[in-house]
Amino acid sequence: MAGPIRVIVHPPSPSGGRRVRVDGEILGLAHNVTDVAEFLRRAGLEIDPADVAEVPWIDWRGVGPEHWGPQTGG
């Protein structure tokens with residue numbers, strides 16, 4: 001692979017959950033950091049769920065890893 005892996009966790013959807021994308025491919029809709037870790041494991045990237053929120057190569061869009069439900073307010 002040429003260059004670093006790019007992982008994007010998109011903002012929460014209106015119905016809850018967040019899309020997870022690795023190098024442009026959507027892996028699924030995560031509802032917590034354990035789901036993100038599982039999607040990454042399936043993509044060949046082993047990571048402990050406890051570390052998902054801390055790794056610098058995951059781009060948390062909109063809000064951080066503590067938000068999984070639909071956006072409210074605003």
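None of these values were measured; they are calculated from a predicted model.

Engineer: Quick rundown of the pairing of strand E3 (residues 25-30)? Include the residues and the values.
Structural biologist: Across five bridges, strand E2 (residues 18-22) lies against E3 in antiparallel orientation. Bridging across to E3, Arg19 finds its partner in Leu29. In sequence, E2 turns back onto E3 through a hairpin of two residues, with Asp23 there showing a positive phi of about 45°.

Engineer: Describe the environment of Asp23, with residues and values.
Structural biologist: Relative to the helices and strands, Asp23 is located in the loop between E2 and E3. The class of Asp23 is partly exposed, set by a relative accessible area of 40%. Expressed as a C-alpha distance, the spacing of Asp23 and Val7, which sit 16 residues apart in the sequence, is 6.5 Å.

Engineer: I'd love a proper account of the pattern of salt bridges, names of residues and values included.
Structural biologist: This model, assessed by the stated rule, comprises four salt bridges. Arg41 is the salt-bridge partner of Glu38, the closest N and O atoms lying 2.6 Å from each other. Of this pair, Glu38 and Arg41 both sit in helix H1 (residues 33-42), three residues apart, which is roughly one turn of the helix. Classification of Glu38 as partly exposed rests on a relative accessible area of 27%. Residue classification places Arg41 among the partly exposed positions, given a relative accessible area of 40%. Note that Asp59 is salt-bridged to Arg61, the shortest N-O span being 2.7 Å. Taken together, the shared-partner salt bridges connect Arg6, Asp59 and Arg61 into one network.

Engineer: Tell me about the pairing of E2, residues and numbers included.
Structural biologist: Both faces of the sheet carry side chains from a regular strand, because those side chains alternate between them. Only one face of E2 is buried, namely the one carrying Arg18, Val20 and Val22, since none of Arg19 and Arg21 on the opposite face is buried. As defined by bridge partners, strand E1 (residues 7-9) adjoins E2 across three bridges and the pair is classed as antiparallel. By the bridge assignment for E2, Val9 is matched with Val20.

Cut-offs applied
Residues numbered from 1 in each chain as written. Predicted model: local features only at pLDDT ≥ 70, side-chain atom pairs only at ≥ 80, totals over all residues. Heavy atoms only, no water. Pairing = 2+ DSSP bridges. Helix = DSSP H or I, 4+ residues; strand = E, 2+ residues; numbered from the N terminus. Buried < 20%, exposed > 50% of the residue type's maximum accessible area, 1.4 Å probe, protein only. Salt bridge = Lys/Arg side-chain N within 4 Å of Asp/Glu carboxyl O.

Keep in mind that these numbers describe shape and distance, not what the molecule does.
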